Amino acid sequence: MMADPVHDFDVFLSHAHGDAEIVERLGAKLTDEAQLRVWLDKWILVPGEHWQQEMARGLEQARTCAVCVSQDTPSGWFREEIERALNRQAKDPSFRVIPIILPNGDRTVVDNFLELRTWVDFKAGIDDGYAIHVLISGIRGKPPGRYVAGEIIRGLALEAMRGKLKKIRSLREEQLIDDNVALEYQRRVLDEIIGR
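Residues numbered from 1 in each chain as written. Predicted model: local features only at pLDDT ≥ 70, side-chain atom pairs only at ≥ 80, totals over all residues. Heavy atoms only, no water.

A.B. asks: Please explain the sheet that holds strand E3 (residues 62-69) as it appears in this structure.
C.D. replies: By way of backbone hydrogen bonds, the strands of a sheet pair with one another, either parallel or antiparallel. An order of E2-E1-E3-E4-E5 is seen for the five strands of this open sheet, with the pairing classed as parallel. Each having just a single partner strand, strand E2 (38-39) and strand E5 (120-121) make up the two edges of the open sheet. With two bridges connecting them, strand E1 (residues 9-14) and E2 associate as parallel partners. Each bridged residue has a counterpart across the sheet, and for Phe12 the counterpart in E2 is Trp39. Sheet contacts for helix H3 (residues 51-61): E1, E2 and E3; angle to E3, the most-contacted strand, approximately 120°. Strands E1, E3, strand E4 (96-101) and E5 of the sheet are contacted by helix H6 (residues 129-140), whose axis makes an angle of about 165° with E4. (Pairing = 2+ DSSP bridges. Helix = DSSP H or I, 4+ residues; strand = E, 2+ residues; numbered from the N terminus. Contact = heavy atoms within 4.5 Å. Axes fitted to C-alpha atoms, helices over the stretch in contact; angles between N-to-C directions.)

A.B. asks: Just to check I follow, could you spell out the confidence of the model for the protein for this structure?
C.D. replies: In low-pLDDT segments, the atomic positions of the prediction should not be examined closely. With 81% of its residues at a pLDDT of 70 or more, the protein shows a mean pLDDT of 81. Predicted confidence is poor over residues 1-5, with pLDDT under 50, and the contacts of this stretch with residues over four places away or in other chains come to seven contacts. (pLDDT = per-residue confidence, 0-100.)

A.B. asks: For this particular structure, what's the right way to read the pattern of salt bridges?
C.D. replies: Two side chains bearing opposite charge may form a pair once their charged atoms approach each other closely. For the coordinates displayed, the defined rule picks out 11 salt bridges. The closest approach of N and O atoms between Asp179 and Arg172, which form a salt bridge, is 2.9 Å. The class for Asp179 is partly exposed, based on a relative accessible area of 44%. Judged by its relative accessible area of 29%, Arg172 is partly exposed. Note that Glu184 is salt-bridged to Arg187, the shortest N-O span being 3.7 Å. (Salt bridge = Lys/Arg side-chain N within 4 Å of Asp/Glu carboxyl O. Buried < 20%, exposed > 50% of the residue type's maximum accessible area, 1.4 Å probe, protein only.)

A.B. asks: Would you mind showing me how to read the state of the cysteines here?
C.D. replies: Linking two cysteines covalently via their sulfur atoms produces the bond known as a disulfide. Overall, the coordinates contain zero disulfides when judged by the stated rule. You can see Cys65 has no disulfide; the closest cysteine sulfur is in Cys68, sitting 8.4 Å from it. (Disulfide = S-S within 2.5 Å.)

A.B. asks: Help me understand the packing of aromatic side chains in this model?
C.D. replies: Note on aromatic pairs: each is described by the distance of the centres and the angle between the planes. Summed over all chains, the structure comprises one aromatic pair. Judged by centre distance (4.5 Å) and plane angle (20°), the ring pair of Phe12 and Trp39 falls under stacked. Residue Phe12 is located in strand E1, and its partner Trp39 is located in strand E2; the two are separated by 27 residues in the primary sequence. Here Phe12 and Trp39 have matching classes, each one buried. (Phe/Tyr/Trp six-rings, centres within 6.5 Å; stacked < 30°, edge-to-face > 60°.)

A.B. asks: Could you clarify how one ought to interpret the pairing of E1 in this entry?
C.D. replies: In summary, the side chains of a regular strand alternate between the two faces of the sheet. In terms of burial, E1 is largely enclosed, as six of its six residues are buried. Note that the unit made of E1, helix H1 (residues 20-34) and E2 has a crossover that is right-handed. (Right-handed = clockwise from strand over helix to strand, strands pointing away.)

A.B. asks: What is the right way to read H6 from this model?
C.D. replies: It helps to recall that an α-helix has 3.6 residues per turn; residues three or four apart then point in one direction. In this model, H6 (12 residues) spans 16 Å end to end at C-alpha, consistent with the 16 Å of a helix rising 1.5 Å per residue. In terms of residue burial, H6 counts as a mostly covered element, since nine of its 12 residues are buried. Every buried residue belonging to H6 is among Ala131, Ile132, His133, Val134, Leu135, Ile136, Ser137, Gly138 and Ile139, and all of these are buried. Here H6 starts with a cap whose side-chain oxygen sits 3.0 Å from the backbone nitrogen of Tyr130, and that cap is Asp128. Looking one or two residues beyond H6, the residue adopting positive phi is Gly141, at roughly 75°. (Expected span 1.5 Å × (residues − 1). Polar contact = N/O pair within 3.5 Å; in protein donor to acceptor, adjacent residues only side chain to side chain.)

As structure tokens, then:
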């Protein structure tokens, strides 16, 4: 997937410090299963740099912001991230702010502006296929449509396979791997697709 020069990330994951572990799991699912480019502080911030400026830049470079809410009322920098995201959405209607209820989340702790948006509910757990499907649809700016668990999983798997095949082609074009190695990896990926 070619990066948009203005939008380096598909989604900025905004969260409270105490939710870092579960949000990282969510970020990994979005990256691994849907091939999305995720801005997550733990993955992006370079030690020694001004983190507030980098976080503001990351929010500007993302197409969407997913606000992960747990049990506590957002406060501190987390609250500022939310306000910054909502301000950006007021100026740019194509920018989506997607509230996410984490498995231990409480909807009553958020303010009225965030409450007006369509939510993604992970109360059933971070591996909830339906919630993942709805979140990915929101990040991509598409309606979720009818959910059929197996079809969604197969669709995500096929998209991941396409990403692998594109990566092989790119490595081959850059002459980082030779034709025989590329063909062997392509066979393996195709075997995975056919075996499903």
